[in-house]
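The residues making up each chain are set out below.
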Amino acid sequence: MNSQQGSHITPPDFGEVLVVSNGILWTRFKIPSKLDHINIYLIRDGDGWFVIDSGPASDENRELWKNLLQNLPKPTKITGILITHCHPDHIGLAGWLQDYCNAPLYISEKEILQARLENRYRSAKDYSDLPHFYKRMAASAEDLQSIEEVWEYVDQMFGPLPTQINIVKSGDTLVIGGESWRLWSGSGHSIEHICLQKVCGEVMISGDQIIAHITPYVGLNYMTQEADPLAGWIAGLSDMLDWIDPKALVLPSHNKPFYHGEKRVREVLQHHQTSLDKLRGSLEQWRTVNELSSVLGWAKKQGFARCLALEETYAHVTYLVNNAEVICETVEPSGVLRYRLA
């Protein structure tokens, strides 16, 4: 097992571990997409290890977990599992891992409720709302053809949900390995995403909330329970600026660890303000979500990326509508939404 600390780190191979900070191991599991990995962290916890996130469901990832658990520094017991949020790369193997390790599992209330809602859709194979939802954005025929395939593809990354859970929330403290970790939650990327930071400020595990070189997805999809995810995202990141310790090593769910998390938060906030300014500058005439996605530079996205692009554009223009900067009307009989400056 290698030991590398700080931000100048070579990522571990899939299923291998390295020491990324005192008492914290970093491993990676596979995602079948262009973003091909998720980072998983294990914190030394007395007589075992406390796990952050599970990875997406697949036979290959289950085997990676089995091999990893056999080769952890002893004792190899898993003392607990925290799921940061309900996206498939984070919760996909949570139920299986909990059963395999017989470990308590922690998740926020809104995230497990969202996960159960989505599980009902998956169980019923109910995609009937999809065409109507994306037609409102003026999605092209080519876009619509791939949408159901995209959702079926994503569904495969979900395994059984955990059945025995412990609810956690922002402001809670977890004691792991004799050290206190303070929890924080934000919305926008997911409905109640949990991050955790050592009370001493040494390390912060950020999940998808802040990531180096990636601006996390903030969109409106057909199962979203947030009416204005971008408003929640901006408010959450603004609050996070007061919570992040400026000296903390940030351990994200993708890409490499880094320092100066507060700087990255400001960059992401500026990114969204720039996107909103682009939309404001293009809405002197009526435009659809599909047209506005081109304004944001997403015209050539395809497949899963195209779905995300439409959903993110929809979230941004909805934010402007809710701030009374833009008006929205429905074009009949197509049901397409169109927008212009108020």
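Heads up: the structure comes first, above all this text.
Residues numbered from 1 in each chain as written. Predicted model: local features only at pLDDT ≥ 70, side-chain atom pairs only at ≥ 80, totals over all residues. Heavy atoms only, no water.

Participant: What's the story with the pairing of strand β9 (residues 173-176) in this structure? I'm lost.
Facilitator: On a regular strand, each side chain points to the face opposite its neighbour's, so the side chains alternate between the two faces of the sheet. Side chains Leu174 and Ile176 of β9 all project onto a buried face; the interleaved residues Thr173 and Val175 project onto a face where none is buried. Note: β9 against strand β10 (residues 179-186), four bridges, orientation antiparallel. Bridging from a neighbouring strand, threonine 173 pairs with arginine 182 of β10. Here β9 hands over to β10 after two residues, with glycine 177 in that stretch at a positive phi of 60°. (Buried < 20%, exposed > 50% of the residue type's maximum accessible area, 1.4 Å probe, protein only. Helix = DSSP H or I, 4+ residues; strand = E, 2+ residues; numbered from the N terminus. Pairing = 2+ DSSP bridges.)

Participant: Where do I start with the sheet that holds β9 in this structure?
Facilitator: Within a sheet, neighbouring strands are paired by backbone hydrogen bonds and run either parallel or antiparallel to one another. Read across the sheet, five strands follow the order β9-β10-β11-β12-β13 without closing on themselves; strand pairing throughout is mixed. The open sheet terminates on both sides in strands that have one partner only, identified here as β9 and β13 (249-252). Shown here is a sheet whose adjacent strand axes are inclined to one another by a mean of 25°, direction ignored. With four bridges joining them, strand β12 (residues 203-207) and β13 adopt parallel strand pairing. Bridging across to β13, isoleucine 205 finds its partner in leucine 251. Relative to the sheet, helix α7 (residues 229-243) contacts β10, β11 (193-198) and β12, its axis offset from that of β10 by approximately 160°. (Axes fitted to C-alpha atoms, helices over the stretch in contact; angles between N-to-C directions. Contact = heavy atoms within 4.5 Å.)

Participant: What am I meant to see in unusual backbone geometry here?
Facilitator: A negative phi angle is the norm for most residues apart from glycine, just as the trans form is the norm for most peptide bonds. With an omega dihedral of 0°, the bond running from lysine 74 to proline 75 counts as a cis peptide bond. Along the chain, proline 75 falls in the loop between α1 (59-71) and β6 (77-82). The omega torsion of the bond from glutamate 332 to proline 333 falls at 5°, within 30 degrees of zero and hence cis. Note that proline 333 resides in the loop between β14 (326-331) and β15 (336-341). For histidine 213, which is not glycine, the phi torsion reads 70° and is therefore positive.

Participant: So what exactly am I meant to see when it comes to the pairing of β13 here?
Facilitator: Of the two faces of β13, the one lined by Leu249 and Leu251 and the one lined by Val250 and Pro252 are each fully buried. As for the winding sense of the linkage, the β-α-β connection from β12 through α7 to β13 is right-handed. (Right-handed = clockwise from strand over helix to strand, strands pointing away.)

Participant: Looking at this structure, I do not really get the pattern of salt bridges. What am I missing?
Facilitator: It is possible for side chains of opposite charge to pair when their charged atoms get near one another. Taken as a whole and assessed by the stated rule, the structure comprises 13 salt bridges. Among the salt bridges present, the one from glutamate 267 reaches arginine 264, with a minimum N-O distance of 3.0 Å. Placement of both glutamate 267 and arginine 264 in helix α8 (residues 261-282) is noted, with a separation of three residues, approximately one turn of the helix. Among the residues examined, glutamate 267 registers a relative accessible area of 38% and is labelled partly exposed. Linked by salt bridges that have partners in common, Glu179, Lys198 and Glu202 make up one network. (Salt bridge = Lys/Arg side-chain N within 4 Å of Asp/Glu carboxyl O.)

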